[in-house]
Amino acid sequence: MRGTRVGIVSNPTGVDRDYRHLVDRMHADRVTIGAIFGPEHGFRGSAQAGGSEGTGTDARTGLPVHDAYLATQAAWERMFRESGVRTVVFDIQDVGARFYTYIYTLYDSMAAAGRLGLRYLVLDRPNPVGGSARGPMMTDGFTSGVGRLKIVQQHGMTAGELARFYNGEFLARAVDLEVITCQGWHGRLLGSDLDLPWVLPSPNMPTPTTALVYPGTGMFEGVSSLSEGRGTTRPFELIGGPASDYRWCDRLTALNLPGTRFREAYFTPTFGKFTGRSCAGVEIKIKDPHRYDPLRTAVAMLTEARKEPAFTWRLDGSRYWIDLLTGSTRLRTMIDGGAAPDEIIASWSGELAAFDQQRKPYLLYSRSTP
C-alpha cells in the first residue's frame, strides 16, 4: 500500500488474529490513508440495524470517517474524489445472506471506483455459512435495500468471489480488482470449523451460529406476529411471539429436520418487536452444522407458524416485507396456499442450478473437501 493514497471500507471485523484493526496497523506503518468509509452500523459498529455512525473523525487515528451507509454510487464517487484516494481496500466479514447489506456496500464502492479508474483490493475472509448456494433468486420488481442484485438468498460466496462475480456480471465498467485470497479455506468449512477470531459483524450477529441460521430465520423479519429474536442474546435463534405457545415447538420437533432440534423457549425482547412483552416460541439448537439447512429449516418453521390464528405477514407500506426478503411473492403465496416445505424448496431448484453455473467462473475456492 505504500506509495498510494488509500481509502479503507471496513468495520470492527477488519482485524488480524491478535484483534488489531487494519486501519490501526496501516496507520502505525505510515501507509497514507485518505479516508475510512463505514457501512451500516458504522466503522466502529456502534449503530443498530438500519443505522450508521455519521461522518466524523476516528478518535484513535485522527482520520476522517465517511458515513457510507445507503450512499449512492454518485456519492461514493464524490467521497473518493474529495479524499483523493487511488486505491480502495475492502475488509469486512460478510455472513453469506442476500439481505445482509455489506455486499451492496462492496458493489456500489466497486462501481464508483471503476468509473474513476481506481484500484480495488479485497482482503478476503471465509464465508461462515460455507460455499453452498441455497434459496430463491431475486426477481425484477422486488429489489430493495435488502436485496438489490440477482443472486440467490444464500449466495455461498466469499466477498472476494462476489467482487469477481460483480465485475464480470453486473458492473458496466469493470474495476481494476485484486483479491487477496484466504489460505486453507474451502467451501465445506463453516464458521464453527475455523480457528479465526470472530468479531460481531453487526450488533445482532454475535456468533458463527447466528450467521449459520440467518439466511433462513432472517425471513422472520417479514412476519409481524413473531419476533426474530432482536433484543435478546440469541437473535435469529430465538423466534416467537406473544400469541404463540408450546404447540409450535411440538409440531417442529415432530418434523425431525436434519441437523437441528427445537427447544420450547420463552423470552422478553429489550428492543425491536414486542419490547418488554413475554414471547413464546422456539430456540433453534444446531446438533450437526454440516447437515443443517437454514432455508429448509426456516421454510418449515414458517409453514407451521402460518397455521396459528394470530400469524400475520409484515406490511411495509403496500408491500409485504417477506417478498422483498425472498425476491418475489412466491414463498408467501405458496405458504398461504398450504404448500408443503419440500414443494416450496423444489420450486426454486431450476434457478438455483442456473445460478450455480453462472457463478462457477468467479469462484476462488474448492466446493469439495480436499
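The preceding data block contains the structure.
Below: a short report on this structure. (Residues numbered from 1 in each chain as written. Predicted model: local features only at pLDDT ≥ 70, side-chain atom pairs only at ≥ 80, totals over all residues. Heavy atoms only, no water.)

1. A look at the environment of D336
- As for its placement among the helices and strands, D336 is situated in helix 9 (residues 330-336).
- Judged by its relative accessible area of 35%, D336 falls in the partly exposed class.
- Expressed as a C-alpha distance, the spacing of D336 and T207, which sit 129 residues apart in the sequence, is 33 Å.
- Within the structure, the side chain of D336 is placed 2.9 Å from the side chain of W313, a separation counted as a polar contact. (Helix = DSSP H or I, 4+ residues; strand = E, 2+ residues; numbered from the N terminus. Buried < 20%, exposed > 50% of the residue type's maximum accessible area, 1.4 Å probe, protein only. Polar contact = N/O pair within 3.5 Å; in protein donor to acceptor, adjacent residues only side chain to side chain.)

2. Focus on the packing of helix 6 (residues 246-255) against helix 7 (residues 294-305)
- Look at helix 6 against helix 7: their axes get within 10 Å of each other, and the N-to-C directions meet at 135 degrees. With respect to each other, helix 6 and helix 7 are oriented oblique. Read as a crossing pair, helix 6 and helix 7 show a hand that is right-handed. Between helix 6 and helix 7, the contacting residues are W248, R251, L252 and L255 on the first element and A300, M301, E304 and A305 on the second.
- Looking at the contact of helix 6 with helix 7, its residues break down into 6 nonpolar, no polar and 2 charged. (Axes fitted to C-alpha atoms, helices over the stretch in contact; angles between N-to-C directions. Parallel < 35°, antiparallel > 145°, perpendicular 65-115°, else oblique. Left-handed = near helix turned anticlockwise from the far one by under 90°. Contact = heavy atoms within 4.5 Å. Nonpolar A, V, L, I, M, F, W, Y, C, P; charged D, E, K, R; others polar.)

3. Here we look at the environment of L212
- With respect to the helices and strands, the residue L212 is situated in helix 5 (residues 208-217).
- The spatial distance from the C-alpha of L212 to the C-alpha of S192 is 9.1 Å, given a sequence separation of 20 residues.
- Those residues in contact with L212 that sit more than four places away from it in its chain are V129, L190, I286, P289, Y292 and P294.

4. Considerations on the sheet that holds strand 11 (residues 260-267)
- On the basis of which strands lie adjacent, the open sheet formed by 3 strands has the order 10-12-11 and antiparallel pairing. Whereas interior strands pair on both sides, the edge strands pair on one side only; in this sheet they are strand 10 (238-241) and strand 11. Pairwise comparison of adjacent strand axes, ignoring direction, gives a mean angle of 25 degrees for this sheet.
- Alignment of strand 11 against strand 12 (residues 279-286), held across 8 bridges, turns out to be antiparallel. Following the sheet pairing, F267 is matched in strand 12 by C279.
- Across the sheet, helix 6 lies against strand 10, strand 11 and strand 12, angled at about 175 degrees from strand 11, the strand it touches most.
- In this fold helix 7 packs onto strand 10, strand 11 and strand 12, with an angle of close to 50 degrees to the strand it touches most, strand 11. (Pairing = 2+ DSSP bridges.)

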